[in-house]
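Structural description and commentary
As a plain string of letters, each chain reads:
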Amino acid sequence: MIEIVFGKSACGTMKYIGIDPTDLYCFSFGLSMGDLTKKEYPDISELKARVEHGESLRLWFSRKSPEESCSFHWLMAELQEIETAEIFAVSLPDYFALPDNCTMTCSDWGEVEPELWKPFLEQKTLLPVGQRIYAALRWQELEQENAPLRAVVNGSLVSVPADFYDHFIQRELEKQDEDFMEARFIANIIGICQLGIGDFLLHQRIEAFIQKGLLAVVSPAEEETLPMRRILRKIQK
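Model, not experiment: these values are computed from the prediction.

Basis of the calculations
Residues numbered from 1 in each chain as written. Predicted model: local features only at pLDDT ≥ 70, side-chain atom pairs only at ≥ 80, totals over all residues. Heavy atoms only, no water. Pairing = 2+ DSSP bridges. Helix = DSSP H or I, 4+ residues; strand = E, 2+ residues; numbered from the N terminus. Buried < 20%, exposed > 50% of the residue type's maximum accessible area, 1.4 Å probe, protein only. Contact = heavy atoms within 4.5 Å. 1 Å grid on protein atoms, 1.4 Å probe; cavity = no way out; pocket = protein on both sides within 12 Å on 5 of 7 lines; lining within 4 Å. Points joined across faces, edges and corners; volume = space filled by probe spheres on them. Nonpolar A, V, L, I, M, F, W, Y, C, P; charged D, E, K, R; others polar. Core = buried A, V, L, I, M, F, W, Y, C linked by side-chain atoms within 4.5 Å. Axes fitted to C-alpha atoms, helices over the stretch in contact; angles between N-to-C directions. Parallel < 35°, antiparallel > 145°, perpendicular 65-115°, else oblique.

**Thoughts on the sheet that holds strand β4 (residues 87–91)**
Taken in spatial order, the 5 strands line up as β2-β1-β3-β4-β7 in an open sheet, and their pairing is mixed. Two strands in the sheet have a free side with no partner beyond their single neighbour: β2 (24–26) and β7 (125–126). As paired elements, strand β1 (residues 2–5) and β2 share 3 bridges and run parallel to each other. Its bridge partner being in β2, V5 is matched across the sheet by C26.

**Quick notes on unusual backbone geometry**
With phi around 55 degrees, N154 is a residue other than glycine that occupies positive phi space. Along the polypeptide, N154 turns up in the loop between β8 (149–153) and β9 (156–160). We classify N154 as exposed; its relative accessible area is 81%.

**Notes on the environment of S107**
Secondary-structure assignment places S107 in the loop between β6 (102–104) and α4 (114–117). Separated by 47 residues in sequence, S107 and W60 have C-alpha atoms that sit 13 Å apart. When residues no more than four places from it in sequence are discounted, the contact partners of S107 are S62, K64, S65, L92, Q194 and G196.

**Some remarks on the side chain of R58**
With respect to the secondary-structure elements, R58 resides in strand β3 (residues 57–61). In this structure R58 comes out as buried when scored by relative accessible area, which is 6%.

**Quick look at the layout of surface pockets**
Here the largest pocket defines a volume of roughly 650 Å³. S28, E67, D108, I197 and G198 are, among the 28 residues lining the largest pocket, the residues nearest its centre. Going through the elements one at a time, α1 (8–16), α3 (66–79), β8 and α8 (199–211) are the ones with two or more residues in the lining of the largest pocket. A breakdown of the residues in the lining of the largest pocket according to their chemical character gives 10 nonpolar, 10 polar and 8 charged. The computed volume of the second largest pocket comes to approximately 200 Å³. The wall of the second largest pocket is formed by F61, R63, S69, F72, H73, Q131, Y134, A135, R138, G155, S156 and L157. Looking at the lining of the second largest pocket, the elements with two or more residues in it are α3, α5 (129–145) and β9. Residue contributions to the lining of the second largest pocket peak at 4 residues, all from α5. Its residues assigned to classes, the lining of the second largest pocket comprises 5 nonpolar, 5 polar and 2 charged.

**Quick look at the pairing of β8**
Relative to β9, β8 runs antiparallel, the two being bridged by 5 bridges. What sits directly across from V152, in β9, is L157. In textbook terms, the turn of a hairpin is the stretch between consecutive antiparallel strands, and for β8 and β9 this stretch comprises 2 residues, one of which, N154, has a positive phi near 55 degrees.

**A few points about the nonpolar core**
By size, the foremost hydrophobic cluster in this structure holds 31 residues, and its most contacted members are I4, F27, L47, L57, L59, L75 and M76. Secondary structure elements with two or more residues in this core: β1, α2 (45–52), β3, α3, β4 and α5. No other element matches α3, which puts 7 residues into this core. Contact partners of M76, with chain neighbours within four places excluded, come to L59, I87, L127, R132, A135 and A136. Among the nonpolar cores identified, the runner-up in size contains 22 residues, and F180, C193, I197 and I206 belong to it.

**What to know about the packing of α3 against α5**
Where α3 meets α5, the axes come as close as 7 Å, and the angle between the chain directions of the two elements is 105 degrees. On the basis of the axis angle, α3 is roughly perpendicular to α5. Contacts between α3 and α5 involve C70, F72, H73, W74, M76 and A77 from the first element and Q131, R132, A135, A136, R138 and W139 from the second. Tallied by class, residues from the contact of α3 with α5 come to 8 nonpolar, 2 polar and 2 charged.

Here is the structure:
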């Protein structure tokens, strides 16, 4: 069984729990953001050859995550010519049951602790051919649309404009003090809104707010490698 994940953190967890690296492939190259014609797509000829020789695939992906969903659709488009491919999937559950009657939700498999993965290693659901074809065709449509962003809306992967997430930022801004730490603010948005997106995209959109004069930088980040550790100020207009 060849394991496919769509994030570097998930790949690291797979290795940690003992998956043979030769049977593990990770596809994560920013398909939810930017111009699709300028992406550096990986060479998957080796994977295709293994599938053509009868090896089955198990895909680990989240329907909540635009990035994992994009990678899933892209891979289905790449494999659509191999009609005999046996492809299984493990979809991220809505929540994980924890001790003391607690639950935890995650946006993608990279957020899941290693011990919570292990029960799922015994699970796999065969992807119907129709679903694979639909995903491949949908990806071709998204490539043609080539929007600035791709997002999951009501469970479907769709093209959206660059400012699609701005209203979430604006809503959370109203709860902030006049001066606030950007990194903490972004963490709040990710935790509260459960958008399935990362901090980099939100940082980009906050930069757009600064360019529009809606925010100002009070105290720059001390380290270039940690650009979100800066203090911002709301500008009243």
